[in-house]
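A structural walkthrough
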Amino acid sequence: MKCWNCDKETEGSPFCGACGKIAGRIAGTTHFAVFGLPPSPDVELAALERQYRELSLRLHPDRFAQAEARERRLSLEQTTALNEAYKTLKDATRRAFYLLSLHGVDLDREDSAAQKNMPLEFLEEVMELREALDGAMEARDEARVQAMARDVETRRSAALQEAVEALRVLEKGPPDESVLKKASHALGRVRYFTRFLEQVDAFEEEMLA
């Protein structure tokens, strides 16, 4: 995209490298590109936070309060995009789901093929886990519920690690459907386990009320 002020290429940067004016956003700019990072499941969090704070200060709408309408609008757009990108990339789980979506698999959609095609044995495992959790909650057995939560958290961490390793392979190598499927299934398991743990949290809050 060319800078609206000097007509030089901005190359996706929030600011024009030639004139320093705030730039327009290029459609399809990824969260990684907002920070000038290559797509990867691995992000150095301290560096990400430093860059976020620096860009936040430079893009803050208060700095453009006296600027013309176009710059005020671009400040809001860039700030919104920056906040969304930071929120996604600073969290390993969100980052992995987002990276997978860049490969065409959006697990946030309930009707996605990846969600529908989870291995049958895993779905049976989830059903057994939920039945056991329902039984423990109905009996008000907190110790049993907490033990199940610890077990599921371990499984969730292992599934996330499996997904991250598959995503690393995807980013380094040529497109590979089997690796993509492996990452999809691993993150599908992360999603199911996360929902299980959310149910446990709700139960514990209810017990404290």
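Scroll up for the structure.
A brief structural summary. Bear in mind the structure is a predicted one, so any value in this text is a computation, not a measurement. (Residues numbered from 1 in each chain as written. Predicted model: local features only at pLDDT ≥ 70, side-chain atom pairs only at ≥ 80, totals over all residues. Heavy atoms only, no water.)

Brief notes about the packing of aromatic side chains
The tally for this structure, following the rule as stated, stands at four aromatic pairs. Look at Phe-122 and Tyr-192: their rings are 5.4 Å apart centre to centre, the planes differ by 70°, and that puts the pair in the edge-to-face class. Within this pair, whereas Phe-122 is found in helix H6 (residues 120-138), its partner Tyr-192 is found in helix H8 (residues 177-208), the two being separated by 70 residues in sequence. You can call Phe-122 buried: its relative accessible area is 5%. The rings of Phe-122, Tyr-192 and Phe-193 are connected pair by pair, giving a single aromatic cluster. Positioned above the aromatic ring of Phe-15, the side-chain terminus of Arg-58 is 4.0 Å from the ring centre. (Phe/Tyr/Trp six-rings, centres within 6.5 Å; stacked < 30°, edge-to-face > 60°. Helix = DSSP H or I, 4+ residues; strand = E, 2+ residues; numbered from the N terminus. Buried < 20%, exposed > 50% of the residue type's maximum accessible area, 1.4 Å probe, protein only. Lys NZ or Arg CZ within 6 Å of the ring centre and 35° of its normal.)

A few points about the nonpolar core
Within the largest apolar cluster, 37 residues are counted, with the highest numbers of intra-cluster contacts made by Phe-35, Leu-82, Leu-100, Leu-167 and Leu-187. Residue assignment for this core shows that the elements contributing at least two residues are helix H1 (31-34), helix H2 (45-59), helix H3 (69-89), helix H4 (92-102), helix H7 (142-172) and H8. Ranked by residue count, the leading element in this core is H7, at seven residues. The contact partners of Phe-35, leaving out residues within four places of it in the chain, are Leu-48, Gln-51, Tyr-52, Leu-55, Leu-82, Ala-85, Tyr-86 and Leu-89. (Core = buried A, V, L, I, M, F, W, Y, C linked by side-chain atoms within 4.5 Å. Contact = heavy atoms within 4.5 Å.)

A short note on a negative patch on the surface
Taken together, the side chains of Glu-121, Glu-124, Glu-128, Glu-131, Asp-134 and Glu-138 define an acidic patch exposed on the protein surface. For Glu-138, a relative accessible area of 71% gives the class exposed. (Patch = residues over 30% accessible without salt bridge, like charges linked within 9 Å, V, L, I, M, F, W, Y side chains within 5 Å. Areas by Shrake-Rupley, 256 points an atom, 1.4 Å probe, with all protein chains shown as cover. Salt bridge = Lys/Arg side-chain N within 4 Å of Asp/Glu carboxyl O. Lys, Arg positive; Asp, Glu negative; His and termini not counted. Charge placed at Lys NZ, Arg CZ, Asp CG, Glu CD.)

Comments concerning the state of the cysteines
The final tally for this structure, using the stated rule, is zero disulfides. Free of any disulfide, Cys-6 has its nearest cysteine sulfur in Cys-16, 3.5 Å distant. Classification of Cys-6 as partly exposed rests on a relative accessible area of 26%. On the basis of relative accessibility, which here comes to 3%, the residue Cys-16 falls in the buried class. (Disulfide = S-S within 2.5 Å.)

Geometric descriptors of this kind do not, in isolation, establish any biological role.
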